[in-house]
Amino acid sequence: MELIQNTPDLSAYLAADEAIDHDHPVVRETAARLAADVPDSYAYARAAFEFVRDTVPHSQDAGDPRVTWRASDVLMLRTGICFAKAHALAALLRAEDIPTALCYQKLDVVHGLVAVRFRGAWHRQDPRGNKPGVDAQFSLDGERLAWTPDPESNELDYPVLYAEPHPAVLRALKTAPGRPHLWKTLPTAL
């Protein structure tokens, strides 16, 4: 699948916004702590991915009813669904000048992940968190995502790389009073 930037301006994939608030002190402090222990940007990207995947539980898996959507809140509260975890990872990567896009899959509902730009190409990564049957890994040599869409079930990978969260996703996250309500309002397609 060819990944398509929704804007040709690569600097848009480094920008901060209300959800990917990489200028927030919590994001900056976390990024600095992770960067101190690695030799280069590739190792940093892997460390940031593993940090979000492994230390921020997916709220569904953890039974946490809270809904987070802003990267700094995800890192402070240590909870979030796939979209929120993608926002947190994007913020950590952008804080260290690694171009990062948001991308999506259509499964039963829309699923969120990120793409990082290395070696002149985009590489999708899925920080949703591992569990039995899910083994997402950071990889620049072939995708190791949580889910592989099943075309026979009308599932698919969306090829668009967004510089900002998709408006339908962000609206659902921002307006949900809790995760049970969010499950009823998540988009089923983009």
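Heads up: these notes are all about the structure in this document. No experiment lies behind these values; they were computed from the predicted model shown.

Our focus in this paragraph is the pairing of strand β2 (residues 100–106). Counting buried residues along β2, 7 of its 7 residues qualify, which places the element largely inside the surrounding structure. The alternating pattern of β2 places Thr-100, Leu-102, Tyr-104 and Lys-106 and Ala-101, Cys-103 and Gln-105 on opposite faces, both of which are buried. The sheet contact formed by β2 and strand β3 (residues 110–118) spans 7 bridges and is antiparallel. Its bridge partner being in β3, Thr-100 is matched across the sheet by Val-116. The antiparallel hairpin formed by β2 and β3 contains 3 residues in its connecting segment. With 2 bridges connecting them, β2 and strand β5 (residues 156–157) associate as antiparallel partners. Following the sheet pairing, Gln-105 is matched in β5 by Asp-157.

With that settled, the discussion passes to the side chain of Ser-72. By the element assignment, Ser-72 lies in helix α4 (residues 71–77). Under the relative-accessibility criterion, Ser-72 is labelled buried at 1%. Of note is the side chain of Ser-72, whose polar atom sits 2.5 Å from the side chain of Asp-21. Residue contacts for Ser-72: discarding those within four places in its chain leaves Asp-21, His-24, Val-26 and Val-27.

Calculation criteria
Residues numbered from 1 in each chain as written. Predicted model: local features only at pLDDT ≥ 70, side-chain atom pairs only at ≥ 80, totals over all residues. Heavy atoms only, no water. Buried < 20%, exposed > 50% of the residue type's maximum accessible area, 1.4 Å probe, protein only. Helix = DSSP H or I, 4+ residues; strand = E, 2+ residues; numbered from the N terminus. Pairing = 2+ DSSP bridges. Polar contact = N/O pair within 3.5 Å; in protein donor to acceptor, adjacent residues only side chain to side chain. Contact = heavy atoms within 4.5 Å.

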